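Chain and residue survey
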Amino acid sequence: MNYTSWTFWILFALVIVRYWRLSHRHQNDLLLVASYFFYGFWDYRFLFLILISTIIDYIGGLGVAGIRLTTDRIRRLGVLTVGSAILLCANVRYPDLFQGFVELDRRRILEALPQTLRDFYIPFAVTAVCLTYGRALPWLYELPEAARRKYFLVISMVANLGILGFFKYFDFFIDNFRTLVMSMGFGEPSWTTLGILLPAGVSFYTFQAMSYTIDIYRGHTKPTQHFRDFALFVCFFPHLVAGPIMRAHTFLPQVVNPRRLAPGAFEQGLYLVVIGLFKKIVIADNMAVIANHLFNRFQHGEAAALTGLDVLVGVYAFAFQIYCDFSGYSSIARGISKWLGFELIINFNTPYLAVSPSDFWRRWHISLSTWLRDYLYVSLGGNRFGPLMTYRNLLITMLLGGLWHGANWTFFAWGFYHGAILCAYRLLNISDRIATESAAGRIYWLWRVFLMFHLTCIGWLLFRADSFASVWQMATLIATNPAVTLFAVSSFATIVFYCTLMFVLEWWLEGERRLDRLLTSNWLLRAPVYSYLVLMLVIFRAGEAHEFIYFQF
């Protein structure tokens, strides 16, 4: 279920029809049920993971703040955890079970239930951990304040990073360790990868849940004692799968306190939803046709007839695809959140107008870049201990930021590349401040934007390619074979056709910061803009729909 499917909009319609007629408490309960249904639609078994992360950080946040849970509440949370493990992770075949009850078929009902002891490994392990943690809580509460705060924070961090590491990186590291062992001449190990499915949005909600406990530890926010409110903070469905990653001090008060539909919120939300769908369905999915054609030919060894200009245009197509795909998701998330009375942060701010790497990361995936800055870069020491340590901290932060995107060495290299150009600009003391009052200043600004865009595209080459061999082959073609082809010309014309007016609109509205310029303007201006967006959605949508790129992260 995603924002381009009718299933999602039917779910949202069912929610919004009832939502504003309910009290605040019932609104939160409705949103919590809808959020779990939305996430369970991908794979109901992964509901257990988000519930585990929620419970751990709920207890951890209260523990850091020195608020003790009563024995009764601890027991209820334990029952909820163990019960969900049995229901979601014990290999119950629910469609067959339901059909068996409908047909009153006893044999079918029994066959749908778990058949082996192995089916209960996860519930058994969860039960053991819950009992151990429950017995340890009174001891943790009695620790001196500094030790108690640190222990609860460490438990939260280890649990969340353990979930993220196992599901996202276990097979990756096992596969690379097997390759290393074989390359050293020790033969092929008998153990293999597990073929672990990656839960949708796991990188986003684990980071959001962790930031809650860290912010309480740092004194930036206070915990909520209402479990359902905290659960909604973690799994609020508009931004659950691909962000933006919200902070507790900005988003939790919106959950806890009563909401109202602010003046102009409906109009702003409608524009954000329409422009988000336009970016995804019209631009990103059409750019995907060009980018996939180019990159797939290198992946399958069919690139002999391609030129460097073909590759360059293909990289341009991917640059606009990933931007419109991800920023389109964020725009829709902000739009439907406005209809529900919530305000999500702006996640993109015209990043291809950046004049430097640091400027780019202030504009691109803002919720992640600020998360990495505040919780990783600053924790490593930031720029407080001299230039060498600053460069080290930048590289570590960007390396881990690259690895956050996926279990592949190309993502690691992408992170290192961005860390390197951040260090290079800092080393050369290249300022982001450019005076554009004069013609010479504007030309210099255009040159800086042009240069930074192409430095970013080099990074996208690393990000999108399937291997370093493909990266090298494509980079070599760009540097040595600039021949013009029909594919390059037609693809570039396609990019210009789909992207130009949208980027003019974004430049005028300063991304999404000045929506008032459009929404309060004369209808002689608004009507053509709205008509253009709607007609493009109807007439020029791509022939094939593509999943949102960041769902895989």
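Everything below is about the structure shown above.
Because the structure is a prediction, the values reported are computed rather than measured.

**Things to note about the environment of Arg 464**
As for its position among the elements, Arg 464 is in helix α18 (residues 439-464). Between the C-alpha atoms of Arg 464 and Phe 295, which are 169 residues apart in sequence, the distance is 7.7 Å. Sequence-distant contacts of Arg 464, defined by excluding residues within four places in its chain, comprise Asn 292, Phe 295, Asn 296 and Phe 318.

**Re the side chain of Gln 254**
Tracing the backbone shows Gln 254 in helix α11 (residues 248-256). By relative accessible area, which is 18% here, Gln 254 ends up buried. At a separation of 3.0 Å, a polar atom in the side chain of Gln 254 contacts the main-chain carbonyl oxygen of Thr 250. Residues contacting Gln 254, with those up to four places away along its chain left out, are Arg 259, Gly 341, Phe 342 and Glu 343.

**Here we look at helix α12 (residues 265-299)**
Of all the bends found along α12, the most pronounced is centred on Ala 284 and spans about 30°. Taken across its 35 residues, α12 has 26 buried, putting it largely inside the fold. Positive phi appears at Gly 301, one or two residues downstream of α12, with a value of about 70°.

**Notes on the packing of α12 against helix α19 (residues 468-480)**
Close contact between α12 and α19 brings their axes to 9 Å; oriented N to C, the two are set at 120°. Crossing of α12 over α19 shows right-handed handedness. Of the residues in α19, those in contact with Leu 294, Phe 295, Phe 298 and Gln 299 of α12 are Ser 470, Gln 473, Met 474 and Leu 477. When its residues are assigned to classes, the contact of α12 with α19 shows five nonpolar, three polar and no charged.

**Quick word on the nonpolar core**
Counting residues in each nonpolar core, the largest one holds 164 residues, and the members touching the most others are Tyr 271, Tyr 352, Trp 364, Trp 460 and Tyr 550. With residues up to four places along the chain from it excluded, the contact list for Trp 460 reads Phe 318, Ala 319, Ile 322, Tyr 352, Phe 360, Trp 364 and Trp 414.

What counts, and at which threshold
- Residues numbered from 1 in each chain as written.
- Predicted model: local features only at pLDDT ≥ 70, side-chain atom pairs only at ≥ 80, totals over all residues.
- Heavy atoms only, no water.
- Helix = DSSP H or I, 4+ residues; strand = E, 2+ residues; numbered from the N terminus.
- Contact = heavy atoms within 4.5 Å.
- Buried < 20%, exposed > 50% of the residue type's maximum accessible area, 1.4 Å probe, protein only.
- Polar contact = N/O pair within 3.5 Å; in protein donor to acceptor, adjacent residues only side chain to side chain.
- Bend = angle between axes of the 7 residues up to and from the residue.
- Axes fitted to C-alpha atoms, helices over the stretch in contact; angles between N-to-C directions.
- Left-handed = near helix turned anticlockwise from the far one by under 90°.
- Nonpolar A, V, L, I, M, F, W, Y, C, P; charged D, E, K, R; others polar.
- Core = buried A, V, L, I, M, F, W, Y, C linked by side-chain atoms within 4.5 Å.

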